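Chain by chain, the residues:
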Amino acid sequence: MDAVIYAGSHRKGGNSDRVAHLLKQGVEEAGGEAMILNVRDFDVRHCLACGFCDKASDKQEQDRCVLGHKDQAWKLYAPFFTAKTAFIASPIYFYHLPSMLKTWIDRGQQFWRARLDGEPWVAGLPKRPAHALLVAGQPSGDKLFEGSRLTLKYFVQNFNMELAELLVFRGIDQKGDMEQNVEFEQRIIDYGRQAWTEVS
């Protein structure tokens, strides 16, 4: 796989889903292949804060987490190990990422621990870029995207990815708002095209 696109909205067919499809179009126009994964379609249990991953230095992949074989979180993580670049398209809920997406990110503690311990299956991953496109109904707010940016920055570092500058959109709230803004849509397609061109 060339690129993976994670769609983080709880709402099917909303503005973030539209962003994901426009990104896919841009990557494909540039000659790449992209796969969209809707986080809401996967069963992801919340982190138990049990400390299992901190003591599981002899384990890899889904065996690193006590819940690894009990839900579908690993199916979402797996593309990070092979994709040349990754995108996260998400709405903003109360100044942060939606709960389903954040729950999955929290489970990434297992990779942080493995990377900290220098385990080659994580620490040896090649350096790659990651991208986040965030959509907010709120038209104002200096720190509207800041919490999400920091969370995503340190989450993708677990897979040796560096988060590029965010592409953000304000005042996009009701279903279909994105499709009514031709300028925004073209920016997203161009962003996907450029992002793929830079890694191909």
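Residues numbered from 1 in each chain as written. Predicted model: local features only at pLDDT ≥ 70, side-chain atom pairs only at ≥ 80, totals over all residues. Heavy atoms only, no water.

1. Details of the overall build of the chain
Inference 1: Counting its regular elements, the chain contains 7 helices and 6 strands.
Inference 2: Along the chain direction, N to C, the helices and strands of the chain fall in the order β-α-β-α-β-α-α-α-β-α-β-β-α.
Inference 3: Along the longest, intermediate and shortest principal axes, the C-alpha atoms of the chain span 50 × 35 × 30 Å.
Inference 4: Taken across its 200 residues, the chain has 49% of its residues classed as buried.
Inference 5: In the chain, the share of contacts with a sequence separation of at least 24, taken over all contacts with a separation of at least 6, comes to 79%.
Inference 6: For the chain, the accessible surface area stands at approximately 9,700 Å², while carbon and sulfur atoms represent 48% of it.
Inference 7: Positive and negative charge centroids in the chain, built from 25 and 26 side chains respectively, lie 4 Å apart. (Helix = DSSP H or I, 4+ residues; strand = E, 2+ residues; numbered from the N terminus. Buried < 20%, exposed > 50% of the residue type's maximum accessible area, 1.4 Å probe, protein only. Contact = heavy atoms within 4.5 Å. Areas by Shrake-Rupley, 256 points an atom, 1.4 Å probe, with all protein chains shown as cover. Lys, Arg positive; Asp, Glu negative; His and termini not counted. Charge placed at Lys NZ, Arg CZ, Asp CG, Glu CD.)

2. Here's the deal with the packing of aromatic side chains
Inference 1: Applying the stated criterion across every chain, the model contains 18 aromatic pairs.
Inference 2: For the pair Tyr77 and Trp104, a centre-to-centre distance of 5.1 Å together with 20° between the ring planes defines the contact as stacked. Remark: Trp104 occurs in helix α3 (residues 99-106) and Tyr77 occurs in helix α2 (residues 73-77); sequence separation between them is 27 residues.
Inference 3: Judged by relative accessible area, Tyr77 falls into the buried class, the value being 1%.
Inference 4: Given the relative accessible area of 0%, Trp104 is considered buried. (Phe/Tyr/Trp six-rings, centres within 6.5 Å; stacked < 30°, edge-to-face > 60°.)

3. Regarding helix α1 (residues 15-29)
Since the α-helix advances by 3.6 residues per turn, residues separated by three or four positions end up pointing in the same direction.
Inference 1: Compared with an ideal rise of 1.5 Å per residue, which puts 15 residues at 21 Å, α1 spans 21 Å between its outermost C-alpha atoms and is within 8% of the ideal.
Inference 2: Buried within α1 are the following residues: Asn15, Ser16, Asp17, Val19, Ala20, Leu22, Leu23, Gly26 and Val27.
Inference 3: Buried-residue contacts for α1 involve β1 (3-7), β2 (34-38), β3 (85-91), β4 (128-135) and α7 (182-199).
Inference 4: Just downstream of α1 lies Gly31, where phi reads positive at about 100°. (Expected span 1.5 Å × (residues − 1).)

4. Observations regarding the packing of α1 against α7
Inference 1: Direction vectors running N to C along α1 and α7 enclose 45°, while the axes themselves pass 7 Å from each other. Regarding the angle of α1 to α7, the classification is oblique. When the axes of α1 and α7 are compared, the crossing they make is right-handed. Judged by residue contacts, Arg18, Val19, Leu22, Leu23, Gln25, Gly26, Val27 and Glu29 of α1 engage Glu185, Ile188, Ile189, Tyr191, Gly192, Arg193 and Trp196 from α7.
Inference 2: Partitioning the contact of α1 with α7 into residue classes produces 8 nonpolar, 3 polar and 4 charged. (Axes fitted to C-alpha atoms, helices over the stretch in contact; angles between N-to-C directions. Parallel < 35°, antiparallel > 145°, perpendicular 65-115°, else oblique. Left-handed = near helix turned anticlockwise from the far one by under 90°. Nonpolar A, V, L, I, M, F, W, Y, C, P; charged D, E, K, R; others polar.)

5. Some details on the pairing of β2
Inference 1: Of all 5 residues making up β2, 4 are buried, and the element is well covered by its neighbours.
Inference 2: Note that β1 and β2 share 5 bridges and pair parallel. For Ala3, the partnering residue across the bridge sits in β2 and is Ala34. (Pairing = 2+ DSSP bridges.)

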